[in-house]
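# Breakdown of the fold
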Amino acid sequence: ALAGLQDWPHALQLVNDLELRVPGHMRVLASQAELRARMGDAAGSRNAYEKTLYLQPQSVSACLGLGDGALAAGDFAAAAGWYDRAVASDPRDFFALWARADCARQAGEYDTALRGFQLAGELCPTRPEPWVMQARCRLATGDAAAAADMAVDSLRHFPEAADLYLVLADAKLQLQDA
């Protein structure tokens, strides 16, 4: 609800006032961290997430937030470490799996990314995004035929997924150029 305000300083002040009444509450700390990140206060966001982890060492959301901060700073290794910790805390958390896989993709580690997107797809088979990203990873490694096959197969399940048509078109272009 606070994120919809778009007045981050005011929203942060409300959350800070709430922390005075309920110190150490996980949702309050997470809200502080997210709002600080939206305001561009990376250090303040990191501090709030670290405080959350101190109080709740298995907090997936805190690990994801710290990973997002590291990724935004271009530190793929640190981001991967935080995302790995999030996955270790809850191996069935779609967002943790997705974040780790996408971090690997952005770092050019396509095999790791592909495995992560496969796990995310198995966990949430009704979402087209993992299938799109698997096909993109195959395309990035030069396996245009596998990318095209995956896109065609996925389109049978997700005909509304426009990104699959884009992957298919890119795969066909790669195959024509080969």
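Before going further, it helps to spend a moment on the pattern of salt bridges. The final tally for this structure, using the stated rule, is five salt bridges. The salt bridge involving Asp102 is made with Arg105; its shortest N-O contact spans 2.8 Å. Residue Asp102 and its partner Arg105 are both found in helix 6 (residues 94–106); the two are separated by three residues, about one turn of the helix. Take Asp102: its relative accessible area is 15%, and that puts it in the buried class. The residue Arg156 makes a salt bridge to Asp153 at a minimum N-O spacing of 3.2 Å. You can see Arg156 and its partner Asp153 sitting in helix 9 (residues 144–157), three residues apart, about one turn around the helix.

Okay, helix 8 (residues 129–140) next. Under the 1.5 Å per step criterion, the end-to-end length of helix 8 is 16 Å for 12 residues, consistent within 8% with the ideal 16 Å. Looking only at helix 8, the buried set comprises Pro130, Val132, Met133, Gln134, Ala135, Cys137 and Leu139. Contacts made by the buried residues of helix 8 are with helix 6, helix 7 (110–123), helix 9 and helix 10 (162–177). Downstream of helix 8 by a residue or two, Gly142 has a phi angle that is positive, lying close to 90 degrees.

Parameters and conventions
- Here the residue numbers are simple positions, counted from 1 along each chain's written sequence.
- For this predicted model, a pLDDT threshold of at least 70 governs which residues receive local features, and a threshold of 80 or more governs which side-chain atom pairs are given and counted, while totals over whole chains, interfaces and linings are taken from all residues.
- For side-chain calculations, the full set of non-hydrogen atoms in the structure is used, while hydrogens and water are omitted.
- For salt bridges, the criterion is a side-chain nitrogen of Lys or Arg within 4 Å of an Asp or Glu carboxyl oxygen.
- A run of H or I in DSSP counts as a helix once it spans at least four residues, and a run of E counts as a strand once it spans at least two, with each numbered from the N terminus.
- Burial status follows relative accessibility: with a 1.4 Å probe on protein chains alone, a residue under 20% of its type maximum counts as buried, one over 50% as exposed, and anything between as partly exposed.
- An expected span of 1.5 Å times one less than the residue number is assigned to each helix.
- Should any heavy atoms of two residues lie within 4.5 Å, those residues are counted as being in contact.

Everything listed is a geometric property; what it means functionally is a separate question.
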